[in-house]
Amino acid sequence: MTEPILPALDEKRRRIQSIETGFGLLKVLVDSGQPMMLRDLATRAGMSSAKAHPYLVSFTNVGLVQQAPATGLYELGPFALQMGLVSLQSQNPLKIALPVVQAWASRIGHTLGVAVLGSHGPTMVHISEASYPVHVNMRCGTVMSMLHTATGHVFAAWLPPEVARHYIEREAGDSAVVTSISPLRPAPKALTAMLEKIREQGVAQALGNPLPGIDALSVPVFDHSGHIVLALTSLGPSTLFDASLDSPILAQLRQCASSISHQLGWRDPLDRPSL
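Residues numbered from 1 in each chain as written. Predicted model: local features only at pLDDT ≥ 70, side-chain atom pairs only at ≥ 80, totals over all residues. Heavy atoms only, no water.

Colleague: Even after reading the chapter, I still don't get the overall build of the protein, so can you show me in this structure?
Modeller: Along its length, the protein carries 9 helices and 9 strands. Across the 275 residues of the protein, 40% fall into the buried class. The contacts in the protein between residues at least 6 apart in sequence include a share of 57% that link residues at least 24 apart. Within the structure as shown, the protein displays about 15600 Å² of accessible surface, and the carbon and sulfur contribution to it stands at 58%. (Helix = DSSP H or I, 4+ residues; strand = E, 2+ residues; numbered from the N terminus. Buried < 20%, exposed > 50% of the residue type's maximum accessible area, 1.4 Å probe, protein only. Contact = heavy atoms within 4.5 Å. Areas by Shrake-Rupley, 256 points an atom, 1.4 Å probe, with all protein chains shown as cover.)

Okay, here's the thing in structure tokens:
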């Protein structure tokens, strides 16, 4: 009996080219974030207005695009909104983050942790260990101080002030919270200035704190509404770990966080192209 001929493993799956072509128009509308003229929309999608128009008519018929009668400008339609809302409701930030973190951990080359805001404070829920031994008191389930760790500083900087204040107050005297060897509480003005600086720089640095000889960098991950949902923290011995603001480690950490944030629907207004 003749064996059936199976398709090659590397053979491309069947696809509909016109759908992929039309997708370019939808992507331009998403990237612009505002209504557009047919001419500008087509140009940015790399096609002529005559070619773009039939796609837009079809997208309008199914609700993916709508055209304002008064101006003739095109924008995303009601069904596109429904798709986005369903997608956002089904997202789990940690589930989305872990594959990205695991892929980036080897590039960063140092211990890389993911923290969420738990009932006691910023809590480590995943750690990708460095290839070299690092003796730190940070394991899954470890609660990080809001005042004395880079991870905590990130949450303190981007959480609503009243929420951050709640966690700062509750960690006092909690032996489960990893804090500094000299856990002196910063003065209110000093704390405010530090958090403002962290927001401006987009990163929290910890140099020899809470553990002497260990430096760390931590950055936020945002959801579609711009709220912090995770913190990514990388750390290592100060002799090996470059915690400066222009370090390659920070650049890679930011790229990792940005990738996760974008998958969660967050878009930095500065990334939007101008018309």
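There is more to say after this.
Colleague: Help me understand the pattern of salt bridges in this model?
Modeller: Pairing between side chains of opposite charge can happen when their charged atoms approach one another. For the structure on display, the rule yields 3 salt bridges. In this structure, the salt-bridge partner of Glu20 is Arg15, at a minimum N-O distance of 2.7 Å. According to the relative accessible area criterion, Arg15 is partly exposed, its value standing at 48%. When the shortest N-O distance is used, the salt bridge between Asp31 and Lys27 registers 2.9 Å. Of the two residues, Asp31 and Lys27 both sit in helix H1 (residues 17-32), 4 residues apart, roughly one turn of that helix. (Salt bridge = Lys/Arg side-chain N within 4 Å of Asp/Glu carboxyl O.)

Colleague: Explain helix H3 (residues 49-61) to me, please; I cannot follow it from the model alone.
Modeller: Counting along an α-helix, one turn takes 3.6 residues, and residues three or four places apart therefore face a common direction. When the terminal C-alpha atoms of H3 are compared, their 18 Å separation across 13 residues agrees well with the 18 Å that a helix rising 1.5 Å per residue should span. For H3, the set of buried residues is Ala52, Tyr55, Leu56 and Phe59. Taken around the axis of H3, the buried residues stretch over an arc of 105 degrees, which confines them to a single face. Projecting away from the buried face of H3 at angles above 90 degrees are the exposed residues Ala50 and Asn61. Lining the buried residues of H3 we find H1, helix H2 (38-44), strand S1 (65-67) and strand S2 (74-76). Two residues or fewer after H3 comes Gly63, characterised by a positive phi angle close to 90 degrees. (Expected span 1.5 Å × (residues − 1). Arc of directions from axis to C-beta.)

Colleague: What is the right way to read the packing of aromatic side chains from this model?
Modeller: Centre-to-centre distance and the angle between the planes together describe a pair of aromatic rings. Under the counting rule described, the total for this entry stands at 2 aromatic pairs. Judged by centre distance (6.1 Å) and plane angle (70 degrees), the rings of Trp158 and Phe222 are edge-to-face. Pair noted here: Trp158 is in helix H6 (residues 150-158) and Phe222 is in strand S8 (residues 214-222), with a separation of 64 residues, a long-range link. A relative accessible area of 12% means that Phe222 is categorised as buried. Pairing Phe222 with Trp266 gives two aromatic rings, centres 5.3 Å apart and planes at 35 degrees, and the pair type is tilted. (Phe/Tyr/Trp six-rings, centres within 6.5 Å; stacked < 30°, edge-to-face > 60°.)

Colleague: For this particular structure, what's the right way to read the side chain of Ser234?
Modeller: Looking at the secondary structure, you find Ser234 in strand S9 (residues 228-237). From its side chain, Ser234 meets the backbone oxygen of Thr111 in a polar contact 3.1 Å long. Non-local contacts of Ser234, meaning those with residues more than four positions away in its chain, are made with Ile108, His110, Thr111, Leu112, Asp215, Ala216, Leu217, Phe241, Ile249 and Leu253. (Polar contact = N/O pair within 3.5 Å; in protein donor to acceptor, adjacent residues only side chain to side chain.)

Colleague: Would you mind showing me how to read the pairing of S9 here?
Modeller: Regular strands have side chains that alternate between both faces of the sheet. Along S9, 9 of the 10 residues are buried, which leaves the element largely enclosed by surrounding structure. Alignment of strand S3 (residues 111-117) against S9, held across 5 bridges, turns out to be antiparallel. Residue pairing across strands places Gly113 opposite Thr233, the latter belonging to S9. Sheet topology note: the S8/S9 ladder contains 9 bridges and is antiparallel. Bridging from a neighbouring strand, Ile214 pairs with Pro237 of S9. Counting the residues in the hairpin turn of S8 and S9 gives 5 residues, including Gly226, whose phi is positive at 85 degrees. (Pairing = 2+ DSSP bridges.)

Colleague: Whenever I open this one, the environment of Ala52 confuses me. Can you help?
Modeller: Structurally, Ala52 is set in helix H3. Expressed as a C-alpha distance, the spacing of Ala52 and Leu25, which sit 27 residues apart in the sequence, is 7.6 Å. With residues up to four places along the chain from it excluded, the contact list for Ala52 reads Leu25, Leu38, Ala42 and Met47.

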